[in-house]
Amino acid sequence: MTEPKQKWTETIETQHSLFDLKLKEVWQYKDLVYMFVKRDFVSSFKQTILGPIWFFINPILTTIVYLVVFGKIANLPTDGAPPLLFYLAGVTLWNYFSSCLLGTSSTFVGNAGIFGKVYFPRLVTPLSIVISNLMRFGVQFLLFIIGWLYYFSKGEVHPNIWVLATPFLILLMAVFALGVGMIFSSLTTKYKDLNMLLGFGVSLYMYATPVIYPTSALPVFFKKLSFYNPLTGVFECFKYAWLGVGDFSPLMLVISSAIILLLLMIGVVIFNKIEKSFMDTV
């Protein structure tokens, strides 16, 4: 009598398309994503006195420093928007992007111990970082909304229909950070120097992005060049939507979206290729 053929509930294969995001598998491991998000949130404030209050302290202090240094001393223009709110908008967006990028860039190196013991879709880890930082962004965005309501009641800001694009702008930042983060996380398994280069590069990249200045303040050549910065369209659209200032045009978002999608595809290919053998080099 022949034994019935076994049916496996899950099959792990090494052969798959380099463009495959394995979203079906990620959905099956959604509980693991939740656990990682919870872990990141709890570990961030474990053994701290103020706990989640740091979510507010960080953008407030940073905004005040920018207001003094760039607003009062350097005298950078804000296109007529209240300087405090202008810098707070930039800081809120930048904190989310930089946190996501730096977090996802250490996916392989930071989780090598877990990856070497148990299988789960590796994309779960960078996705959980993007989601956990989204919670931090939500708190800081609430702070921005409080400030915005104050200036709106005084008639100093003029929002428009583009505020409805805010979720899309957040998605673009998340996808951009995810794509570039996957590229760096894959390369740092072999070239550890890239970790230090990325931290330095992110700091410099902030000054190439309209965080503390509007694109209208740039010379013509640099203004045209800034269009090819994927974050220029995001920041200019956000400030134009909520504050009613800036030289925003829909073309900026089109260019940003195209570049971000290209970088995501490159990141997915490199990530899927490296994950098969990263334990040999990490």
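If you're wondering where the values come from, they're calculated on a predicted model, not measured in any experiment. Residue numbering note: each chain is counted from 1, following its sequence as written. Whole-chain, interface and lining totals are the exception, using all residues; otherwise, since this is a predicted model, local features are given only for residues with pLDDT of at least 70 and side-chain atom pairs are given and counted only at 80 or more. Note: side-chain values were computed over all heavy atoms of the structure, leaving out hydrogens and water.

A. Layout of the overall build of the protein. The way it works is that DSSP assigns letters per residue, a run of H or I at least four long becomes a helix, a run of E at least two long becomes a strand, and they are numbered from the N terminus. Along its length, the protein carries 12 helices and zero strands. Listed by position from the N terminus, the elements making up the protein come as α-α-α-α-α-α-α-α-α-α-α-α. Only protein chains enter the area calculation, which uses a 1.4 Å probe; residues under 20% of their type maximum are buried, those over 50% are exposed, and those in between are partly exposed. Here the protein, with 282 residues, has 45% of them falling under the buried criterion. Contacts spanning at least 24 positions in sequence make up 81% of the contacts within the protein whose residues lie at least 6 apart. Working note: accessible area of the protein is about 15300 Å², and carbon and sulfur atoms make up 69% of it. What makes two residues a contact is simply this: any of their non-hydrogen atoms within 4.5 Å. Areas reported as accessible are Shrake-Rupley estimates using a 1.4 Å probe. Residue values count occlusion only from the protein chains shown.

B. Representation of the packing of helix H8 (residues 166-187) against helix H12 (residues 250-274) in the model. The convention used is that axes are lines fitted to C-alpha atoms, helices contributing only their stretch in contact, and that angles between N-to-C directions extend from 0 to 180 degrees. Orientation of H8 relative to H12, taken along the N-to-C sense of each, is 35°, at an axis distance of 8 Å. When the axes of H8 and H12 are compared, the crossing they make is left-handed. Judged by residue contacts, Phe 168, Leu 169, Leu 172, Val 175, Phe 176, Leu 178, Gly 179, Val 180, Met 182, Ile 183, Ser 185 and Ser 186 of H8 engage Leu 253, Ser 257, Ile 260, Leu 263, Leu 264, Ile 266, Gly 267, Val 268, Ile 270, Phe 271 and Ile 274 from H12. Residues were grouped as follows: Ala, Val, Leu, Ile, Met, Phe, Trp, Tyr, Cys and Pro as nonpolar; Asp, Glu, Lys and Arg as charged; and all remaining residues, including Gly, as polar. Tallied by class, residues from the contact of H8 with H12 come to 18 nonpolar, five polar and no charged. Left-handed describes a crossing whose near helix is turned anticlockwise from the far helix by less than a right angle; the clockwise case is right-handed.

C. Examining the packing of aromatic side chains more closely. The aromatic pairing rule takes the rings of Phe, Tyr and Trp, using the six-membered ring of Trp, and pairs them if the centres are within 6.5 Å, calling planes under 30 degrees apart stacked, those over 60 edge-to-face and the rest tilted. With the rule as written, the count across this model stands at 20 aromatic pairs. Ring centres of Phe 86 and Tyr 87 lie 5.7 Å apart, and the angle between their planes is 85°; on these two criteria the pair is classed as edge-to-face. By definition here, charges over rings are those cases where NZ of Lys or CZ of Arg is within 6 Å of the ring centre and within 35 degrees of the ring normal. The aromatic ring of Phe 86 is capped on one face by Lys 239, whose charged end is 3.9 Å from the ring centroid.

D. How the structure looks around unusual backbone geometry. Look at Asn 75: it is not a glycine, yet its phi comes out positive at around 60°. Its place among the elements puts Asn 75 in the loop between helix H3 (54-73) and helix H4 (83-104). A residue is classified by how much of its surface remains accessible, and Asn 75, at 59% relative accessible area, is exposed. At Asp 79, a position not held by glycine, the phi torsion is positive, near 60°. One can find Asp 79 in the loop between H3 and H4. When its relative accessible area of 30% is taken as the criterion, Asp 79 is described as partly exposed.

E. Structural context of H12. To estimate how far a helix should reach, multiply one less than its number of residues by 1.5 Å. An ideal rise of 1.5 Å per residue puts 36 Å on 25 residues; H12 measures up with 36 Å between its terminal C-alpha atoms. Among the residues making up H12, those that are buried are Met 252, Leu 253, Ile 255, Ser 256, Ser 257, Ile 260, Leu 264, Gly 267, Val 268, Phe 271 and Asn 272.

F. Here's a closer look at the nonpolar core. Only buried residues count toward a nonpolar core. Its members are Ala, Val, Leu, Ile, Met, Phe, Trp, Tyr and Cys residues joined through side-chain atoms within 4.5 Å. Among the nonpolar cores identified, the biggest contains 67 residues, and Trp 94, Phe 97, Phe 144 and Leu 243 are the most heavily contacted of them. With 12 residues, the single largest contributor to this core is H4. Filtering out sequence-adjacent residues up to four positions away, Trp 94 remains in contact with Val 202, Tyr 205, Met 206, Thr 209, Val 211, Leu 231 and Phe 235.

G. Region of the structure containing the pattern of salt bridges. A pairing counts as a salt bridge when a side-chain nitrogen of Lys or Arg comes within 4 Å of a carboxyl oxygen of Asp or Glu. Applying the stated rule across the entire model yields two salt bridges. A salt bridge links Glu 156 to Lys 154; its shortest N-O distance comes to 3.4 Å. Using a relative accessible area of 45% as the deciding quantity, one classes Lys 154 as partly exposed.

H. A look at H4. Across its 22 residues, H4 extends 32 Å between first and last C-alpha, which sits within 8% of the 32 Å expected from 1.5 Å per residue. Among the 22 residues that make up H4, 18 are buried, leaving the element largely enclosed by the rest of the structure.

I. Fine view of the packing of H8 against helix H11 (residues 230-243). Closest axis-to-axis distance for the H8/H11 pair is 10 Å, and the angle between their directions is 160°. One way to sum up the angle between H8 and H11 is to call them roughly antiparallel. Regarding H8 and H11, the two cross each other, and that crossing is left-handed. On H11, the residues that touch Thr 166, Leu 169, Leu 172, Met 173 and Phe 176 of H8 are Pro 230, Leu 231, Val 234, Cys 237, Phe 238 and Trp 242. In the contact of H8 with H11, the residues fall into 10 nonpolar, one polar and no charged. Reported orientations rely on four angle classes, namely roughly parallel under 35 degrees, roughly antiparallel over 145, roughly perpendicular from 65 to 115, and oblique for the rest.

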